[in-house]
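Topology and contacts: notes
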Amino acid sequence: MAKVKARVKSPKSVKKGEVFQVKTLISHKMESGRRKNKKTGENIPRMIINSFACNYNGKEVFASDWHPAVSANPYMAFHVRAVDSGTLDFMWKDDSGKEYKKSAKIAVT
Amino acid sequence: MRKLYIASLLIGGMALGSTASQAEDKDWGAYKVGDKLSGYTYATKETRAIQDDDFENPAQIWVDQAEGNWSSVEGEAGKSCESCHNAASDSMKGVATRYPVLNKNKAAMVNVEQQINFCRTSQMKAKAWKWESAELLGMTAFVKLQSRGMPVNVKIDGPVTPYYEKGKAFYYERRGQLDMACKHCHEDNPGKYARANLLSQGQSNGFPTYRLKWQKIGSLHRRFRGCNKNIRAQPFAYGAPEYVNLELYLNSRGQGLPVETPSVRN
């Protein structure tokens, strides 16, 4: 799929101090760089998302580096402790240097 | 010490063997109708978990995209799907349970994919989407999703009977260098392994499906082509009448199973 689409699911409101789960999914072909073009025999260049990070009100709360064995359309879920109301900013970065962003609002009560 | 190790290996092996029979005893709810078992029941626990959660199900990416396409105007007629059909949640409800149907103009069976493209070319005056394109797969999944949970109920009587008979004949006909018919795997040996692959009953209720092996969503006809290639037979083209007839037979074979689109399979 040419168009990359990110999906994020996080609770709209949580209690202060509570640990909540955030789920993310992004559409990406995650070309590993190990496949060959069947006709020409040339390697298909690697094109994967190599890093993912989540900022909570500007502070990094989760980050990971991804490698060629990660599947296409990668799914990532992780836990965050609620501190203050604000936004969760997600960023995926792929080999071409392109950044895909998505953000979600969260209310802490 | 060594004996103990072997003993524990044996127990480990036994436990592995028994999981298969345990799986059969499990209460599958709607996924089991009579002796019909959805492909869901053959999937691993992890794969089932992906399907159960609409967020985690990667097929939803294509469905989301199609939801946008539903109301986007295309073609010379200046129409979108929505112009004629209004909200998909009402108009498309139950569609997946009765397709493929006979198209009177064409005097042939049409499945959902073909009907979408027929609408695009005749009503919207737009270009038909290519088979296995993200757009066509997404829209098919989106349309079928509206019938999720409803039992498959295709008509096979009246003028449809000859097509049904053709589909059934295809199912039982040996083909390819391995000289096998659909039934040799999916009727005689479901639940057993062919090499490393667990054979299912080959039910069609979850298509288009997100197949982990494909790393994307795929149509029933892609699955047919894969099966045909596996038995070293020449596959038919996407949307070939042979495959649409077979689709009709499969749906009637899985009559009563709930529509699961978009399912997740390994």
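We now turn to the structure provided with this report. In this text, all values refer to a predicted model and were calculated from it rather than measured experimentally.

To continue, consider the packing of helix 3 (residues 60-70) of chain B against helix 8 (residues 134-145) of chain B. All names here are of chain B. The interhelical angle for the contact between helix 3 and helix 8, taken along N-to-C directions, is 90°, at an axis separation of 7 Å. Our classification of the angle between helix 3 and helix 8 gives roughly perpendicular. Every residue of helix 8 that contacts helix 3 at Q60, W62, V63, Q65, A66, E67, N69 and W70 is listed here: A134, E135, G138, M139, A141, F142, V143 and L145. Looking at side-chain class alone, the contact of helix 3 with helix 8 contains ten nonpolar, four polar and two charged residues.

With that settled, the discussion passes to empty space enclosed by the protein. Residue and element names in this part refer to chain B. For the coordinates displayed, the defined rule picks out one cavity of 30 Å³ or more. In this structure, the largest cavity occupies an estimated 70 Å³ of space. What lines the largest cavity is A96, K144, V152, S204, N205, F207, N251, V259 and T261.

A separate point is the sheet that holds strand 6 (residues 75-81) of chain A. Residues and elements named next belong to chain A. Spatially, the three strands line up as an open sheet ordered 1-3-6, and their pairing is antiparallel. Strand pairing shows two members of the sheet lacking a second neighbour, strand 1 (6-9) and strand 6, which therefore form its edges. Strand-to-strand, the axes of this sheet are offset by a mean angle of 20°, without reference to chain direction. As defined by bridge partners, strand 3 (residues 19-26) adjoins strand 6 across seven bridges and the pair is classed as antiparallel. Paired with V22 across the two strands is F78, which belongs to strand 6.

This next bit is on helix 9 (residues 161-172) of chain B. Residue and element names in this part refer to chain B. Between its first and last C-alpha, helix 9 extends 17 Å over twelve residues, near the 16 Å set by a 1.5 Å rise per residue. Residues of helix 9 that are buried: Y163, Y164, G167, F170 and Y171. The arc enclosing the buried residues of helix 9, seen along the axis, measures out at 120°, which places them on a common side. Its buried side turned inward, helix 9 meets strand 3 (101-103), strand 4 (108-110), helix 10 (182-186), helix 11 (220-230) and helix 12 (241-253).

Residues and elements named next belong to chain B. Applying the stated rule across the entire model yields 13 salt bridges over all chains. Across the pair K183 and D188 runs a salt bridge, and its minimum N-O distance is 3.5 Å. Residue D188 is classed as partly exposed on the basis of its relative accessible area, which comes to 38%. One salt bridge in this structure joins E260 and R265, with 2.9 Å as the shortest N-O distance. Accessibility expressed as a relative area gives 15% for R265, which makes it buried.

With that out of the way, let us pick up unusual backbone geometry. The omega angle of the peptide bond from Y99(B) to P100(B) is 0°, so this bond is cis rather than trans. Relative to the helices and strands, P100(B) resides in the loop between helix 6 (95-98) and strand 3. The omega torsion across F207(B) and P208(B) is -10°, close enough to zero to call that bond cis. When you line up the elements, P208(B) lands in the loop between strand 6 (197-198) and strand 7 (209-211). One non-glycine residue, M30(A), adopts positive backbone phi at about 50°. Judged by its relative accessible area of 5%, M30(A) is buried. Positive phi, normally seen in glycine, also occurs at R232(B), with a value near 55°. Looking at the secondary structure, you find R232(B) in the loop between helix 11 and helix 12.

This part is about the interface of chain A and chain B. In this complex, chain A contributes 14 residues to the contact, which on the side of chain B involves 14 residues. For the chain A and chain B pair, buried surface summed over both sides reaches about 1,300 Å², with 61% attributable to carbon and sulfur atoms. With a shortest N-O distance of 2.5 Å, D53(B) and K23(A) are connected by a salt bridge. Scanning the region where chain A abuts chain B turns up seven residue pairs in polar contact (both at pLDDT 80 or more). Sorting the residues of the side of chain A that touches chain B by element identifies strand 1 and strand 3 of chain A as the ones contributing at least two each. Looking at the side of chain A that touches chain B element by element, the count peaks at four residues for strand 3 of chain A.

As a further point, take the side chain of S219(B). All names here are of chain B. With respect to the helices and strands, S219 occurs in the loop between strand 8 (216-218) and helix 11. By relative accessible area, S219 is classed as buried at 1%. At 2.3 Å, the side chain of S219 forms a polar contact with the side chain of E132. Reaching out from S219, the side chain makes a polar contact with the backbone nitrogen of R222 at a distance of 3.1 Å. Not counting chain neighbours up to four residues away, the residues in contact with S219 comprise E113, W131, E132, L137, F207, P208, W214 and Y238.

Calculation rules
Residues numbered from 1 in each chain as written. Chains lettered and ligands numbered in written order. Predicted model: local features only at pLDDT ≥ 70, side-chain atom pairs only at ≥ 80, totals over all residues. Heavy atoms only, no water. Axes fitted to C-alpha atoms, helices over the stretch in contact; angles between N-to-C directions. Helix = DSSP H or I, 4+ residues; strand = E, 2+ residues; numbered from the N terminus. Parallel < 35°, antiparallel > 145°, perpendicular 65-115°, else oblique. Contact = heavy atoms within 4.5 Å. Nonpolar A, V, L, I, M, F, W, Y, C, P; charged D, E, K, R; others polar. 1 Å grid on protein atoms, 1.4 Å probe; cavity = no way out; pocket = protein on both sides within 12 Å on 5 of 7 lines; lining within 4 Å. Points joined across faces, edges and corners; volume = space filled by probe spheres on them. Pairing = 2+ DSSP bridges. Expected span 1.5 Å × (residues − 1). Buried < 20%, exposed > 50% of the residue type's maximum accessible area, 1.4 Å probe, protein only. Arc of directions from axis to C-beta. Salt bridge = Lys/Arg side-chain N within 4 Å of Asp/Glu carboxyl O. Buried area = accessible area lost by both parts, 1.4 Å probe. Polar contact = N/O pair within 3.5 Å; in protein donor to acceptor, adjacent residues only side chain to side chain.

Everything listed is a geometric property; what it means functionally is a separate question.
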